[in-house]
2 protein chains.
Amino acid sequence: MLMADSTKRRELQVDLGERSYPILIGPGLLAEAGNLFREKGFPLKAPILLVADAAVEARYAPTLEASLRQAGYTVTRAVVPSGEQSKSLEMFDELITAALEAGLDRKSTVIALGGGVVGDLAGFVAASYMRGVRFVQVPTTILAHDSSVGGKVAVNHRLAKNIIGAFHQPEFVLYDLDTLKSLPMRDVRSGYSEVIKHGLIWDADFVNYCDERAERLLALDPDSLGHALYEGCKVKAIVVSRDERENDLRAILNLGHTIGHALEAVAGYGELLHGEAIAIGMVGSARLAEKFGYGADIAAETERLFRKFGLPVRIPGGYSTDAIMAAMMHDKKFSEGKMVFVVPKAIGEVEIRGDVPTEWVRSIVEGLKEENGV
Amino acid sequence: MLMADSTKRRELQVDLGERSYPILIGPGLLAEAGNLFREKGFPLKAPILLVADAAVEARYAPTLEASLRQAGYTVTRAVVPSGEQSKSLEMFDELITAALEAGLDRKSTVIALGGGVVGDLAGFVAASYMRGVRFVQVPTTILAHDSSVGGKVAVNHRLAKNIIGAFHQPEFVLYDLDTLKSLPMRDVRSGYSEVIKHGLIWDADFVNYCDERAERLLALDPDSLGHALYEGCKVKAIVVSRDERENDLRAILNLGHTIGHALEAVAGYGELLHGEAIAIGMVGSARLAEKFGYGADIAAETERLFRKFGLPVRIPGGYSTDAIMAAMMHDKKFSEGKMVFVVPKAIGEVEIRGDVPTEWVRSIVEGLKEENGV
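All values derive from a computational prediction rather than experimental measurement.

(A) Molecular detail of the confidence of the model for chain A. The share of residues in chain A with pLDDT of 70 or more is 95%, and the mean pLDDT across the chain is 93. Of the regions scoring below 50 in pLDDT, residues 1–6 of chain A engages in 15 contacts with residues more than four places distant in sequence or in other chains.

What follows is the structure, given as structure tokens:
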């Protein structure tokens, strides 16, 4: 891990042997893309496909493209509609067609400009086109700090999310803080949910930082935001570099996700934002900690922190406990009355427990429901 | 490289670091699949998807499945129509659906039973399903000895062949010589074209072996066939292990393929079998050798050998030289009047030349056309 000594720009190295790559975080980076491509030796003759989310395309694609063209590159733009439904095999096929029509060759690059959806989709195009071409991520959401580390790319199948995919690491990630200014406030809050998660699983000091700087973080103060993205990415990078293919350690990144995914599934995707769902899930995991005999303050602290960031800490009214439990069972993280959960032992430290009684989970889900007046 | 000391069964290790795998060659292997899966520690609880080519499914799938079931595995069979048109994103989607419906998990295995088409298609399913599951190849053609080494898997796009794919190495390859007995004679001859190619690029002794044993090889004498598949796979394995991602050396495997692919494209795929097209292409490359000042005997020997195996050595009548040249240009292996070719320096030795004048190629193509009465 390397940190450039500058309040303006941070650089984090994700250590994955020959697949290592840097994450650049700072203001004004879009306009420097061309120089960066040159510095890193991307060949000028190889055409570039820029895959942009429709929500941010008009605002940011022109600057990015102008920078690349100025440096001598040929860029073709493809726009995909915002939202999870774009992560389909049909859209994948359309982008492969676009890549072919734009004349992309084996030395070409696919750029993802947008949030996690575009990153996953364009990343799978980069992983598969001619059996793999260069990939560059330009995240425009806070949440995408999570998906920009780890190389997981995928599209959905009508029967299952993220079922068709690959591990394909980017050449680098360009996190231009200016592009976050247009984020709706609800997405800002939701993004910080994953940021805080990285603190909760690994780094109590960083949790304190988020706590103390909450106001500045929510106001997108560049230095605080840059630091939070850097630290969030760093935790994920450490975990991923120790377990690239998700064999064991990487599972700790799923803190809050078992309940969170179930809530998303029951809600219909989109009703609850991902960060909102996992915030509730993390409160649930913290309550599990208490059942395992760890401090009751973990749940109280977790809840207080998420409230401070304006995130939900209760399951919205009208959700059926049975439906939530069924969705978790479908998630396959259980066997014979026991479920697998990432459980905090303290703020900043977790363990994976395979012995969580289903009844504990049910009672916690019940307890988290708003109608219970908690 | 390891060779078991048995005329009955041969084992070749493809050296790719942690992705290394064995190729087992011998009679009666289908019936031993279950034991092999157990020996190699494939988990019993993880369902298996068997993807079978319709041409061989009825004949060989039952034996393979019975062996796996006997060993305690759960197997679901998916049948795909024979032929290149099955290498589509639509068929890929159908197989992902089949995998989901069969309950495949991250520890599951996809088996390809058939030739190169099923290997490429099922291999890409294995590469992408849940970001990659185990893959086992059970080739039932001689030609597939080529695609069973190297891990290249892919489907086609309507605008380009093999454009959507991955590098995904199998856990092992099970080459049951008994399954080759049902091969049509034309496919036998075509398969030997790639076998001989591996001799021509790397091993003059093996070319002599093929020459001397031609009759027994064509009669599918098990020991001769087993040896030829072993040696053919070995050459490819050496080349691939030195250049897994096709950066340089691996290009020598394309001997005869520049002209060969162009002939296939002009013919419409299927009119000329792949092995037939590249046999003609290899004669063309050998004639290029003469132009570069290497022995004229290379072309004569190459031609004699392919004739001995009943393979075509001339471009069938009615093919337009312009169309063939255009197809090669499309192949991108050219720049400014020069083309890239794999050129033999002697039998068993090749070099990659980037300085092949387009006119030389055109004159050789002209000279190879049947109507010229050569």
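Moving on, there is more to tell.
(B) Structural view of the interface of chain A and chain B. Across the contact, 29 residues belong to chain A and 29 residues belong to chain B. For the pair chain A and chain B, the summed buried area comes to about 2,500 Å², and 56% of that belongs to carbon and sulfur atoms. Summed over the three residues of chain A that lose the most area to chain B, namely A:Leu100, A:Arg131 and A:Ile163, the buried surface amounts to 29% of that side. Connecting chain A to chain B are 2 salt bridges. A salt bridge links A:Arg158 to B:Asp93; the nearest nitrogen and oxygen atoms lie 3.9 Å apart. Contributing elements (two or more residues each) for the side of chain A that touches chain B: α3 (89–101), α4 (116–128), β7 (152–157) and β8 (160–167) of chain A.

(C) Summary view of the pattern of salt bridges. Residue and element names in this part refer to chain A. Enumeration over the complete set of coordinates arrives at 48 salt bridges over all chains. The salt bridge partner of lysine 87 is aspartate 120, with a shortest N-O separation of 2.8 Å. Residue lysine 87 is found in the loop between β4 (75–80) and α3, and its partner aspartate 120 is found in helix α4; the two are separated by 33 residues along the sequence. Among the residues examined, aspartate 120 registers a relative accessible area of 11% and is labelled buried. Linking aspartate 322 and arginine 362 is a salt bridge whose minimum nitrogen-to-oxygen distance equals 2.9 Å. Here arginine 362 lies in helix α14 (residues 358–368) and aspartate 322 lies in helix α13 (residues 321–330), a separation of 40 residues in the sequence. Look at the salt bridges and you will find they share partners, linking Glu57, Glu65, Arg69 and Arg77 into a network.

(D) Highlighting the sheet that holds strand β6 (residues 134–139) of chain A. Residue and element names in this part refer to chain A. Within the open sheet, the 7 strands sit side by side as β1-β2-β9-β6-β5-β3-β4. Their pairing is mixed. Strands with a single pairing partner mark the edges of an open sheet, and in this sheet they are β1 (10–14) and β4. Strand-to-strand twist of the sheet, defined as the mean angle between neighbouring strand axes without regard to direction, takes the value 15°. Bridge count between strand β5 (residues 109–114) and β6: 6 bridges; the pairing is parallel. If you follow leucine 113 over to β6, its bridge partner there is valine 138. Along the sheet, α4 makes contact with β3 (48–53), β4, β5 and β6, crossing β5 at roughly 175°.

(E) Geometry of the relation of the copies chain A and chain B. After a rotation of 180° and a shift along the axis of 0.0 Å, chain A superposes on chain B with an RMSD of 0.0 Å. On the angle and the small slide along the axis, the relation comes out as a two-fold axis. Nearest to the rotation axis, the C-alpha of A:Leu89 is located 4.1 Å from it, this being the minimum over chain A. Interface overlap between copies is the fraction of interface residues in one copy that are interface residues in the other; for chain A against chain B it reaches 100%, indicating a shared surface.

(F) Local environment of α4(A). Residue and element names in this part refer to chain A. Counted at 1.5 Å a residue, the expected span for α4 with its 13 residues is 18 Å, and the 18 Å between its end C-alpha atoms agrees. Counting buried residues along α4, 12 of its 13 residues qualify, which places the element largely inside the surrounding structure. Residues Val117, Val118, Gly119, Asp120, Leu121, Ala122, Gly123, Phe124, Val125, Ala126, Ala127 and Ser128 constitute the buried set of α4.

(G) Quick look at the sheet that holds strand β6 (residues 134–139) of chain B. All names here are of chain B. Strand order in the open sheet formed by 7 strands is β1-β2-β9-β6-β5-β3-β4, with mixed pairing between adjacent strands. Each of the sheet's edge strands pairs with one partner strand only, and the pair in question is β1 (10–14) and β4 (75–80). Taking each pair of neighbouring strands and ignoring which way they run, the sheet shows an average axis angle of 15°. Pairing analysis gives 2 bridges linking β6 to strand β9 (residues 172–176), with the strands arranged parallel. Counterpart to valine 136 in the pairing with β9 is phenylalanine 172.

(H) Spotlight on the domain arrangement of chain A. Residue and element names in this part refer to chain A. Segmenting chain A into domains produces domain 1 (10–180) and domain 2 (185–372). A straight line from the C-alpha centre of domain 1 to that of domain 2 covers 27 Å. Each partner contributes residues to the interface: domain 1 has 24 residues there, and domain 2 has 29 residues. Across the interface of domain 1 and domain 2, roughly 2,400 Å² is buried in total on both sides, 69% from carbon and sulfur atoms. The interface formed by domain 1 and domain 2 includes 2 salt bridges. For the salt bridge of lysine 236 with aspartate 146, the shortest nitrogen-to-oxygen distance reads 3.3 Å. Here the side of domain 1 that touches domain 2 takes 4 residues from β1, the largest share from any one element. In terms of residue class, the side of domain 1 that touches domain 2 is built from 12 nonpolar, 5 polar and 7 charged.

What counts and what doesn't
Residues numbered from 1 in each chain as written. Chains lettered and ligands numbered in written order. Predicted model: local features only at pLDDT ≥ 70, side-chain atom pairs only at ≥ 80, totals over all residues. Heavy atoms only, no water. pLDDT = per-residue confidence, 0-100. Contact = heavy atoms within 4.5 Å. Buried area = accessible area lost by both parts, 1.4 Å probe. Salt bridge = Lys/Arg side-chain N within 4 Å of Asp/Glu carboxyl O. Helix = DSSP H or I, 4+ residues; strand = E, 2+ residues; numbered from the N terminus. Buried < 20%, exposed > 50% of the residue type's maximum accessible area, 1.4 Å probe, protein only. Pairing = 2+ DSSP bridges. Axes fitted to C-alpha atoms, helices over the stretch in contact; angles between N-to-C directions. Least-squares fit on C-alpha atoms with pLDDT ≥ 70 in both. Expected span 1.5 Å × (residues − 1). Domains from an automatic or database assignment. Nonpolar A, V, L, I, M, F, W, Y, C, P; charged D, E, K, R; others polar.

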